[in-house]
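Commentary on secondary and tertiary structure
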Amino acid sequence: MNDKLMKFLDGVFLPYENLQPVKELKEELSNDLQEKLSDLKNQGYDEVTAYNMTIESIGDVSELIESIATKSKQLQQMVNKDFSNINLQNSDFKGVKVHDGKFNGSALKESDFSNSDLSNSSFKCSDLQITNFKNVTLHDGSFNSSGLKGSDFSGSDLTNTSFKGCNLTNVIFDGANLTGAKLIQVSLRYTSLKSCIFDYTDFSNSDLYDVCFDNQTLRGTIFSSASLKGTSFKNVIFRNVYFKNAEVKKTIFDGATMDKLTYAVLKGSKANLTNVTVI
């Protein structure tokens, strides 16, 4: 009987199956109806009666589905437009494709861009606090001077994207590709950077107080004039990493492996290089 229920839902949602918000509604409704069907059968109703009562309980869902589908289609049609200086708080942009998009100066707090393709898009001077950017593709983008406190970029490709002057406190970058990314003049306090790619990432003039890079590999990464008080690089592999004028006296390098040039610069800056291996 559960198969019959699924066939019913498949028929209702078939015209809209390519729209992500409708897919999510179908999944939620399916779980609710399966549970209701089981409850009715447990109450002693036969399968046919329980099935009919379950279907009747949802009423006419076509109007709700059509409303969601219309909004989703409108959003897809708008993706090439300029969203600058608009109040878009709590907006659902999941899975959209927006190349060269402009969201400058907009209110986007608590919005959801997860799984979207946002390549070359600009979010300058925007309120993006607690915004979901999980698994986005955002090559050559810009978040300069935006508020991103508490946002999540887990698993995202942020190659060559700029965060200059941003508040990145409590931001999650776990698993992100930060190749060539510019995190210049930013606050990274309480920011999570686990399992990232840091090839030629630029942290110049930034505050990395207590940030953890443990067990990762840094290639061509730039920490010029950065504050690294309490920053941990335990067991990190350094290859041509740049620390000119960085504050490293209270930085943790225990167990790190580094090339001779990186070692020489850190030694000259009076970093504690006890238990460091030079290659």
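Refer to the structure printed above.
Below, the structure is looked at part by part. Quick caveat: nothing in here was measured; it's all calculated off a predicted structure.

1. Digging into the overall build of the chain
Helix and strand counts for the chain come out as five helices and four strands. Helices (α) and strands (β) of the chain occur, in sequence order from the N terminus, as α-α-α-α-β-β-β-α-β. Every one of the 279 residues in the chain was classed for burial, and the buried ones make up 44%. In the chain, of all internal contacts separated by at least 6 residues, the share reaching a separation of at least 24 is 8%.

2. Points about the environment of M6
By the secondary structure assignment, M6 is in helix 1 (residues 2-13). Residue class for M6 comes out partly exposed when judged on its relative accessible area of 27%. Spatially, the C-alpha atoms of M6 and L33 are 9.4 Å apart, while their sequence positions differ by 27 residues.

3. What about unusual backbone geometry?
In this model, C125 sits at a positive phi of 60 degrees, which is unusual for a non-glycine residue. Positive phi outside glycine occurs at D210, with the angle close to 65 degrees. Structurally, D210 is set in the loop between helix 4 (62-78) and strand 1 (217-219).

4. Some details on the sheet that holds strand 1
What holds strands together in a sheet is hydrogen bonding between their backbones, with the strands either parallel or antiparallel. Strand order in the open sheet formed by four strands is 1-2-3-4, and the pairing between neighbours is parallel. Since the sheet does not close on itself, it has two edges, and those belong to strand 1 and strand 4 (277-278), each with one partner. The pairing of strand 3 (residues 257-258) with strand 4 spans two bridges and is classified as parallel. Bridge pairing in strand 4 places M258 opposite V278.

5. Some thoughts on the pattern of salt bridges
As enumerated under the stated definition, the model contains four salt bridges in all. Among the salt bridges present, the one from E47 reaches K41, with a minimum N-O distance of 3.8 Å. Look at K41 and you get partly exposed, because its relative accessible area is 32%. Between K134 and D152 there is a salt bridge, and its shortest N-O distance comes to 3.8 Å. With K134 in the loop between helix 4 and strand 1 and D152 in the loop between helix 4 and strand 1, this residue pair connects regions lying 18 residues apart in the sequence.

6. Quick look at the packing of aromatic side chains
This structure, assessed with the given rule, holds 31 aromatic pairs. Between F143 and F163, the ring centres sit 5.0 Å apart and the planes meet at 5 degrees, which makes this aromatic pair stacked. Here F163 lies in the loop between helix 4 and strand 1 and F143 lies in the loop between helix 4 and strand 1, a separation of 20 residues in the sequence. By the burial criterion, F143 is buried, and F163 matches it. Plain terms: the ring middles of F213 and F233 are 5.0 Å apart, the flat faces sit at 10 degrees to each other, and that makes the pair stacked. In this pair, F213 is assigned in the loop between helix 4 and strand 1 and F233 in the loop between strand 1 and strand 2 (237-239), connecting sequence segments 20 residues apart. You can call F213 buried: its relative accessible area is 0%.

7. Re the nonpolar core
Within the largest apolar cluster, 54 residues are counted, with the highest numbers of intra-cluster contacts made by F173, F213, F223, F243 and F253. Not counting residues up to four positions away in its chain, the partners in contact with F243 are F223, L228, F233, F238, V248, F253, T262, V265 and L266.

8. Quick look at the state of the cysteines
Applying the stated criterion to the full structure yields zero disulfides. Free cysteine: C166, not disulfide-bonded; nearest cysteine sulfur from C125 at 8.9 Å. Owing to a relative accessible area of 4%, C166 belongs among the buried residues under this scheme.

9. Some details on the environment of G230
You can see G230 is positioned in the loop between strand 1 and strand 2. Measuring from C-alpha to C-alpha, the distance between G230 and T251 comes to 5.1 Å, with 21 residues separating the pair along the chain. Beyond its immediate stretch of four places on either side in the chain, G230 contacts D210, K250 and I252.

10. Re helix 5 (residues 260-268)
The N-cap residue of helix 5 is D259: its side-chain oxygen and the backbone nitrogen of L261 are 3.2 Å apart. Where helix 5 ends, the next residue or the one after it, K270, has phi of about 65 degrees, a positive value.

11. Some thoughts on a negative patch on the surface
Side chains of E27, E28, D32, E35 and D39 sit close together on the surface and give a patch of like negative charge. If you trace the backbone, D32 turns up in helix 2 (residues 20-42).

12. Here's the deal with the side chain of T191
Here T191 lies in the loop between helix 4 and strand 1. At 3.0 Å, the side chain of T191 and the backbone oxygen of L188 are in polar contact. Not counting residues up to four positions away in its chain, the partners in contact with T191 are L168, T169, N170, V171, F173 and V211.

What counts, and at which threshold
Residues numbered from 1 in each chain as written. Predicted model: local features only at pLDDT ≥ 70, side-chain atom pairs only at ≥ 80, totals over all residues. Heavy atoms only, no water. Helix = DSSP H or I, 4+ residues; strand = E, 2+ residues; numbered from the N terminus. Buried < 20%, exposed > 50% of the residue type's maximum accessible area, 1.4 Å probe, protein only. Contact = heavy atoms within 4.5 Å. Pairing = 2+ DSSP bridges. Salt bridge = Lys/Arg side-chain N within 4 Å of Asp/Glu carboxyl O. Phe/Tyr/Trp six-rings, centres within 6.5 Å; stacked < 30°, edge-to-face > 60°. Core = buried A, V, L, I, M, F, W, Y, C linked by side-chain atoms within 4.5 Å. Disulfide = S-S within 2.5 Å. Polar contact = N/O pair within 3.5 Å; in protein donor to acceptor, adjacent residues only side chain to side chain. Patch = residues over 30% accessible without salt bridge, like charges linked within 9 Å, V, L, I, M, F, W, Y side chains within 5 Å. Areas by Shrake-Rupley, 256 points an atom, 1.4 Å probe, with all protein chains shown as cover. Lys, Arg positive; Asp, Glu negative; His and termini not counted. Charge placed at Lys NZ, Arg CZ, Asp CG, Glu CD.

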